[in-house]
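Chain by chain, the residues:
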Amino acid sequence: MLNVFLTAMIVTLASGTAFVLYCRWRYPEPHLNWSEVDVESISFPPDFLWGAATAAHQVEGGLHNNWSVFEESRGLEKSGEACDHWNRWKEDFEMLSELGLTTYRFSIEWSRLEPEPGKWDSAPLQVYSDMVDDLLNRGIRPVVTLHHFSHPAWWEDRGGFSKKENLPEFIAYCERVFETLSDRVDVWCTINEPTVFSSMGYTLGQFPPGHRSIRQTLRIMRNLMRAHAALYASLKSRRPDASIGVAKNVTLFDPLNRWSPIDWAVARLLDWLWSGAWQRGILSGRMLGSRVRGSKNSLDFIGLNYYTHFLTGLFMPTTGELAFARRENEVSTEFGYPMYAEGFRRAIEKVSVLNVPIEITENGVADSNDVLRPEHLMRHLWVLSEAISDGYDIKSFHHWSLMDNFEWAEGYSMRFGLYEVDFDTQERNLRKSGELYRKIITEHMKT
Ligand code: GCO
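Numbers given for residues are sequential positions, taken from 1 along each chain in its written order. Where totals are concerned, whole chains, interfaces and linings use all residues; where local detail is concerned, this predicted model gives features only for residues with pLDDT of at least 70, and gives and counts side-chain atom pairs only at 80 or more. Side-chain calculation: all heavy atoms of the structure are included, whereas hydrogens and water are not.

S.K.: It is not clear to me how the overall build of the protein chain should be interpreted in this structure. Could you clarify?
M.R.: Each helix and strand counted, the protein chain has 14 helices and 14 strands in total. C-alpha atoms define the radius of gyration in this analysis, and the globule rule sets the expected value at 2.2 Å times the number of residues to the power 0.38. Here the C-alpha radius of gyration of the protein chain, 22 Å, is about what a compact globule of 447 residues would show, namely 22 Å. With respect to the three principal axes, the spread of C-alpha positions in the protein chain is 80 × 55 × 45 Å. Working definition: with a 1.4 Å probe on protein chains only, accessible area under 20% of the residue-type maximum means buried, over 50% means exposed, and in between means partly exposed. When each of the 447 residues of the protein chain is scored for burial, the buried share is 60%. We call two residues in contact when some of their heavy atoms are within 4.5 Å. In the protein chain, of all internal contacts separated by at least 6 residues, the share reaching a separation of at least 24 is 76%. Note on areas: these come from Shrake-Rupley sampling with a 1.4 Å probe, and a residue is covered only by the protein chains present in the view. Total accessible area computed for the protein chain in this model is approximately 18,000 Å², and 54% of it derives from carbon and sulfur atoms. His residues and chain termini do not enter the charge count, which takes Lys and Arg as positive and Asp and Glu as negative. Here the site of a charge means atom NZ of a Lys, CZ of an Arg, CG of an Asp or CD of a Glu. Across the protein chain, 47 positive and 59 negative side-chain charges occur, with their mean positions spaced 9 Å apart. Under the DSSP-based scheme used, a helix requires at least four consecutive residues in state H or I and a strand at least two consecutive residues in state E, with every element numbered from the N terminus.

S.K.: Where do I start with the sheet that holds strand β9 (residues 301-305) in this structure?
M.R.: To summarise the sheet geometry, strands pair through backbone hydrogen bonds and adopt either a parallel or an antiparallel arrangement. Around the barrel, which closes on itself, the eight strands sit in the order β1-β2-β3-β4-β5-β9-β11-β12 with parallel pairing between neighbours. Here the strands of the sheet are splayed against their neighbours by 25° on average, with no regard to which way each runs. Any two strands between which DSSP finds at least two bridges are classified as paired. Across three bridges, the pairing between strand β1 (residues 49-53) and strand β2 (residues 103-107) is parallel. Looking across to β2, one finds that G51 is bridged to T103. Interaxial angle, 0 to 180 degrees, is taken between N-to-C directions of lines fitted to C-alpha atoms, where a helix line uses only the stretch in contact.

S.K.: Looking at this structure, how should I read the layout of surface pockets?
M.R.: Empty space among the atoms becomes visible once a probe the size of a water molecule is rolled across them. Definitions used throughout: a 1 Å grid over protein atoms alone; a cavity as a set of points that fits a 1.4 Å probe which cannot get out; a pocket as an open set with protein on both sides within 12 Å along at least five of seven lines; a lining residue as one with an atom within 4 Å of a point. Grid points are joined across faces, edges and corners, and a volume is the space filled by probe spheres set on the points. One number sums up the size of the second largest pocket: a volume of about 610 Å³. For the second largest pocket, the lining is made up of 23 residues, of which R26, Y27, L252, R346 and K350 are closest to its centre. Examining the composition of the lining of the second largest pocket, we find that six residues originate from one element, helix α11 (residues 261-284), more than from any other. The classification used treats Ala, Val, Leu, Ile, Met, Phe, Trp, Tyr, Cys and Pro as nonpolar, Asp, Glu, Lys and Arg as charged, and all other residues, Gly among them, as polar. Of the residues belonging to the lining of the second largest pocket, the class tally is 10 nonpolar, three polar and 10 charged.

S.K.: Which parts of the structure should I look at to understand the packing of aromatic side chains?
M.R.: Centre distance and the angle of the planes are the two values used to describe a pair of aromatic rings. Ring geometry is summarised as follows: Phe, Tyr and Trp rings, the Trp one being its six-membered ring, pair when their centres sit within 6.5 Å, and such pairs are stacked at plane angles under 30 degrees, edge-to-face over 60 and tilted between the two. Within the structure shown, the criterion is met by 43 aromatic pairs. Considering the side-chain rings of F170 and Y173, the 6.1 Å spacing of their centres and the 45° angle between planes classify their relative orientation as tilted. You can see F170 and its partner Y173 sitting in helix α8 (residues 167-181), three residues apart, about one turn around the helix. The burial state of F170 is the same as that of Y173; both residues are buried. For the pair Y307 and F416, a centre-to-centre distance of 6.3 Å together with 85° between the ring planes defines the contact as edge-to-face. Of this pair, Y307 sits in the loop between β9 and β10 (309-312) while F416 sits in the loop between β12 (394-400) and β13 (419-422), placing them 109 residues apart in sequence. On the basis of relative accessibility, which here comes to 3%, the residue F416 falls in the buried class. Look at NZ for Lys and CZ for Arg. If either is within 6 Å of the ring centre and within 35 degrees of the ring normal, a charge sits over the ring. Over the ring of W259 we find R24; its NZ or CZ atom is 3.7 Å from the centre of that ring. Above the plane of the ring of W120 lies R176, whose end atom (NZ or CZ) is 4.0 Å from the centre.

S.K.: Looking at this structure, how should I read the site of the ligand?
M.R.: To be near a molecule or strand, a residue needs just one of its heavy atoms within 4 Å of it. If you check the shell around the ligand, you find Q58, H148, F149, N192, E193, N305, Y307, E362, W400, E407, W408 and F416 and nothing else. N or O atoms closer than or at 3.5 Å make up a polar contact, with two conditions inside protein: a donor-capable atom paired with an acceptor-capable one, and, for residues adjacent in sequence, both atoms drawn from side chains. In the model, an oxygen atom of the ligand is placed 3.0 Å from a nitrogen or oxygen of the H148 side chain. The contact in question runs from an oxygen atom of the ligand to an N or O atom on the side chain of N192, over 3.1 Å. Class assignment of the residues belonging to the shell around the ligand gives a composition of five nonpolar, four polar and three charged.

S.K.: Quick question: what am I supposed to make of the nonpolar core here?
M.R.: Looking at soluble globular proteins, one finds that nonpolar side chains tend to be buried together. Counting residues in each nonpolar core, the largest one holds 126 residues, and the members touching the most others are F170, L304 and L384. In this structure L384 touches F44, F48, F344, I348, I360, I394 and F397, once residues within four positions along its chain are discounted. Put simply, a nonpolar core is a bunch of buried Ala, Val, Leu, Ile, Met, Phe, Trp, Tyr and Cys residues held in one set by side-chain atoms that sit within 4.5 Å of each other. Counting residues in hydrophobic clusters, the runner-up holds five residues, among them V143, V187, C189 and A247.

S.K.: Would you mind showing me how to read a negative patch on the surface here?
M.R.: Patch membership requires more than 30% relative accessible area and the absence of a salt bridge. Residues of like charge join within 9 Å; the nonpolar side chains Val, Leu, Ile, Met, Phe, Trp and Tyr join within 5 Å. What counts as a salt bridge is simple: a side-chain nitrogen of Lys or Arg found within 4 Å of a carboxyl oxygen of Asp or Glu. Taken together, the side chains of E420, D422, D424 and E427 define an acidic patch exposed on the protein surface. Relative to the helices and strands, E420 resides in strand β13.

S.K.: Got a minute to help me understand the packing of α8 against helix α10 (residues 214-238) in this structure?
M.R.: A packed helix pair is summarised by two numbers, namely the angle formed by the two axes and the spacing between the axes. Running from N to C, α8 and α10 point in directions that differ by 35°, and their axes come no closer than 10 Å. Handedness of the crossing formed by α8 with α10: right-handed. Of the residues in α10, those in contact with L167, F170, I171, C174, E175, F178 and E179 of α8 are N223, R226, A227, A230, L231, S234, L235 and R238. Here the residues of the contact of α8 with α10 sort into nine nonpolar, two polar and four charged. Each crossing is labelled by how the near helix is turned from the far one, with a counterclockwise turn of less than a right angle marking it left-handed and a clockwise turn marking it right-handed.

S.K.: Explanation requested: the pattern of salt bridges in the structure shown.
M.R.: Charged atoms that come close allow side chains of opposite charge to pair. Under the criterion given, the structure shown has 31 salt bridges. For R238, the salt bridge is made with E175, and the minimal N-O distance between the two is 3.7 Å. Of this pair, R238 sits in helix α10 while E175 sits in helix α8, placing them 63 residues apart in sequence. R238 is the partner of E179 in a salt bridge, and the nearest nitrogen-oxygen pair spans 2.7 Å.

Following this line, the structure appears as structure tokens:
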């Protein structure tokens, strides 16, 4: 009996050690000595596109949708007027030109177009069409996101993405938008951050509908892939040369203790759930044990939203609140997670396996005093420049965000804008980091 126990112990120890040694080799976590990096030494192709990104619910104001209902029901800070962008977009687009942008990513608010099931309002779609015309007149490429976390309250009441039978309504909305705008909009993100939407809404319960069920989360992940795949097929049949992709958040998961087999197991599991399962759906047409019709190779580009890495272990969030650890040499952002620009390269390498061009659809930092953002911007642009010079096919960089806006469950406490917004007066003021970004764009537009 003792021999059996001892043998089992030795086998367990040996396999645990082998697992850790393999992971440490296979998944390095590089950290640069940034004092020795000349982050000013950056270069980009002449046709590289410089941009910023926003999302309807975060900037437009005056919305009634799944999020406004959730804000009310959970007693969250209300999005309310947000940046009043729906009324101010013409002036706000002046800021795009002031920065010298050549691409701008924004989202369409379904609840404006279809406030009640089957009742379509053409006026807001005309406004979005006017936005597209204005962008084109400014020499700015529009990038449209069809679902950026928000959708009509009536669709949420039907279960939203939790029921396959609801997907045709979402597809119909997207097709209506595409019919109107695709004569002038070439680049489309079907869904923003499917893993954030599913994990925050159905695992951690911090986003609508505020559920906490792994089973539901997996169902949502599959249905989001189903929706994307159906959309890809439909939109490509309407305009084969349209460029259709997803804005995928790639958060890296690293073990808090790189010698702990448990921390490694948690990190690898979360990485697979967050990115691996989704990428497998695109590469193989199968996701989480199910075949997802039309999902294989359903991308013309991959949008990459990169922010940070999470250091994981068994302490991972159980309360629903995300707790963020950092390495000793890392600086925490106001959001709590660390600045980890080295991870940007890892994220680029991760999505490059999809073998399609990469658009950086989001990268930025919560920094109300603009003290970290200049360094954050330079480090991430340096990493991007290095990746491009190493051969990665990266077309654009969209800074998150153009201006301070409603940061979901964090309300207005997190400030991501190149322009600071005074929400009492709706005044916009360009931050120093915005001036820096403008200077970089100007210098690179000359080359
Ligand atoms: C997201 C969204 C953005 C956020 C941004 C900062 O990643 O949650 O795409 O809406 O505001 O990423 O957290």
